[in-house]
Amino acid sequence: MHQQQQLPSTSAGRPHYLALDGLRGVAALVVVWYHIFEAFAASPFSQEVNHGYLAVDFFFLLSGFVVSYAYDGRWAQMGLGEFIKRRLIRLHPMLIISALLGGLMFYTQATPTQPLHLVPVGMVLLSTLMNALLIPSLPSWEIRGYTEIFPLNGPTWSLFFEYIGNILYALVLRHLPTWGLTLAVLLCGAGLAYEGFVHSPWGYLGAGWSFADGGFWGGLARVCFSFGAGVLLSRLYRPVAYRRGFWLSALVLVALLVMPRIGDADTLWMNALYECVVVMLIFPVLLWLGASDSTESPRLRRLYTFLGELSYPLYIIHYPSVYLYIAWVRSNELTVLQSLPGALALFFGNIVLAYLLLRIYDLPVRRWLSRRLVVGG
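The residue numbers shown here count from 1 along each chain, following its written sequence. Where local features are concerned, this predicted model is filtered to residues with pLDDT of at least 70; where side-chain atom pairs are given and counted, the filter is 80 or more; whole-chain, interface and lining totals use all residues. Side-chain figures throughout are based on the complete set of non-hydrogen atoms in the structure, without hydrogens or water.

(A) Representation of the packing of helix 2 (residues 18-36) against helix 13 (residues 340-373) in the model. Axes here refer to lines fitted to C-alpha atoms; in helices the fit is confined to the stretch in contact. Angles between the N-to-C directions go from 0 to 180 degrees. Put simply, DSSP marks the helices as runs of H or I at least four residues long and the strands as runs of E at least two long, and each gets a number from the N terminus on. Close contact between helix 2 and helix 13 brings their axes to 11 Å; oriented N to C, the two are set at 145°. Taken as a pair, helix 2 and helix 13 cross one another with a handedness that is right-handed. Contacts between helix 2 and helix 13 involve Leu29, Val32, Trp33 and Ile36 from the former and Ala343, Leu344, Leu346, Phe347 and Ile351 from the latter. Grouping the amino acids of the contact of helix 2 with helix 13 by side-chain chemistry returns 9 nonpolar, no polar and no charged. The crossing is said to be left-handed when, going from far helix to near helix, the turn is anticlockwise and less than a right angle, and right-handed when the turn is clockwise. Residues count as neighbours in contact if any of their non-hydrogen atoms are within 4.5 Å of one another. All residues other than Ala, Val, Leu, Ile, Met, Phe, Trp, Tyr, Cys, Pro, Asp, Glu, Lys and Arg, Gly among them, are scored as polar; the first ten of these are nonpolar and the last four charged.

The structure is reproduced here in structure tokens:
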């Protein structure tokens, strides 16, 4: 195909969808601002970057697409154990660093209403180990008080479900015929709609970060639909003739994630409808357009590569400093404007930190592990 000839090749001689890497980076940048504005939100009704959590559903969709594209034809040579090793090497080194950052910064994040200094050091060390091993905390013994399943680094919850998506792909999804996969995605979509319209007390899809009130099932519905839809799209995908798919997809993606909340406490169904349409219909279209981007500009391709490389480290390491920022804002009763210098320092500081960790830690560790643990690594 013409589009494939213009894209750079992977080591296996297959095209790499650079624009999708760029979109992942754009979504990660929005997530950071969503979390920054959590300092001023008393509930989902008052969050400024209101639908930022839907970036996780976009991540799941991209993951399903990319994992299926990369591995569907390699199982005869690879096997389940090799697949699991490859995914662990790709995801877990930065996860360990994020757990260590969360543990080291825990006692700096106290507020007058959240006396974290009273938490025993042993509990923090145990929580750090559990975070690094991706073992969720139950609400009854979560050390921060938010009922997060990973209280030292909240966004780790999505990696927990990302692993579930990968296991489902390896054991179930890749074996299904296309019609069976389509049926499974539709059923998962019904489960996701149930979460938004019926189960969620807020009329939204932001479940999974806590297991309280059935949050596990909401998170499972999110990953099952979006990851499964990504696998399905990888089978059905045919590029469209559109040279600037990245820019259109990126602009629409940002607009969807920062859209003010739809409706109020008396019209929860309106917000649920908006989010279901975004996740089930619009996100797949944005992925399709992004994958079809056929730009030949070396500068843009470098931009896509940078954003893609930055996306996962930035997403997984930024939240310990967000806890610190929230504590600073609330302890001093700061407004958005008063805290803006701190917010900008957090945003750009985490970009720099994520890029440095990528270069001096993540990439070298992954190369070292691949050489020793992966066949043909």
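(B) Up close: a nonpolar patch on the surface. Patches here: salt-bridge-free residues with over 30% relative accessible area, like charges joined within 9 Å, nonpolar side chains (Val, Leu, Ile, Met, Phe, Trp, Tyr) joined within 5 Å. We get accessible surface area from the Shrake-Rupley algorithm with a probe of 1.4 Å; when it comes to residues, only the shown protein chains can shield them. A carboxyl oxygen of Asp or Glu within 4 Å of a side-chain nitrogen of Lys or Arg is what we treat as a salt bridge. Among the surface-exposed residues, Met123, Leu126, Leu129, Leu133, Ile135, Leu138 and Trp141 lie close enough to one another that they form a single nonpolar patch of about 610 Å² accessible area. You can see Met123 is positioned in helix 5 (residues 121-132).

(C) Region of interest: the packing of helix 11 (residues 298-317) against helix 13. Relative to each other, helix 11 and helix 13 sit at 105°, their axes nearing to 8 Å. Taken together, the axes of helix 11 and helix 13 lie roughly perpendicular to each other. Across the interface between the two elements, Phe306, Glu309, Leu310, Pro313, Leu314 and Ile317 of helix 11 pack against Asn350, Ile351, Leu353, Ala354, Tyr355, Leu357, Leu358 and Arg359 of helix 13. Of the residues that constitute the contact of helix 11 with helix 13, the class distribution is 11 nonpolar, 1 polar and 2 charged. Note on angle classes: values under 35 degrees are labelled roughly parallel, values over 145 roughly antiparallel, values of 65 to 115 roughly perpendicular, and the remainder oblique.

(D) Quick look at the side chain of Asn131. Note that Asn131 resides in helix 5. Residue contacts for Asn131: discarding those within four places in its chain leaves Leu95, Ala99, Phe150, Leu152, Asn153 and Thr156.

(E) Here's a closer look at the pattern of salt bridges. Applying the stated criterion to the full structure yields 6 salt bridges. For Arg144, the salt bridge is made with Glu148, and the minimal N-O distance between the two is 3.9 Å. For Arg144, a relative accessible area of 5% gives the class buried. Think of it in three bands: with a 1.4 Å probe and only protein chains considered, a residue is buried below 20% of the maximum accessible area for its type, exposed above 50%, and partly exposed in between. On the accessibility criterion, Glu148 (6% relative accessible area) is buried.

(F) Highlighting the packing of aromatic side chains. Side-chain rings of Phe, Tyr and Trp, where Trp is taken by its six-membered ring, are said to pair if the distance between their centres is within 6.5 Å; with planes under 30 degrees apart they count as stacked, over 60 as edge-to-face, and otherwise as tilted. Applying the stated criterion across every chain yields a total of 32 aromatic pairs. Between the aromatic rings of Tyr17 and Tyr237, the centroid separation amounts to 5.7 Å while the plane-to-plane angle is 80°, which identifies the pairing as edge-to-face. Here the residue Tyr17 occupies a position in the loop between helix 1 (2-6) and helix 2, and Tyr237 occupies one in the loop between helix 8 (215-236) and helix 9 (245-258), the gap between them amounting to 220 residues. Taking the relative accessible area as the measure of exposure, Tyr237 reaches 7% and is therefore buried. Each ring, one from Tyr53 and one from Tyr204, has its centre 5.0 Å from the other, and the planes form 80°; the classification is edge-to-face. Separated by 151 residues along the polypeptide, Tyr53 in the loop between helix 2 and helix 3 (55-71) and Tyr204 in the loop between helix 7 (178-199) and helix 8 bring together distant segments of the chain. Tyr53 sits in the buried class, given a relative accessible area of 9%. Connected via pairs of aromatic rings, a cluster forms that spans Trp33, Phe37, Phe40, Tyr325, Trp328, Phe347 and Phe348. Across the ring face of Tyr323, the terminal group of Arg144 is positioned such that the distance to the ring centre comes to 3.5 Å. In this analysis the charged atom, NZ for Lys or CZ for Arg, is taken to sit over a ring once it is within 6 Å of the ring centre and within 35 degrees of the ring normal. In this structure, Arg174 packs its charged tip against the face of Trp75, placed 3.7 Å from the ring centre.

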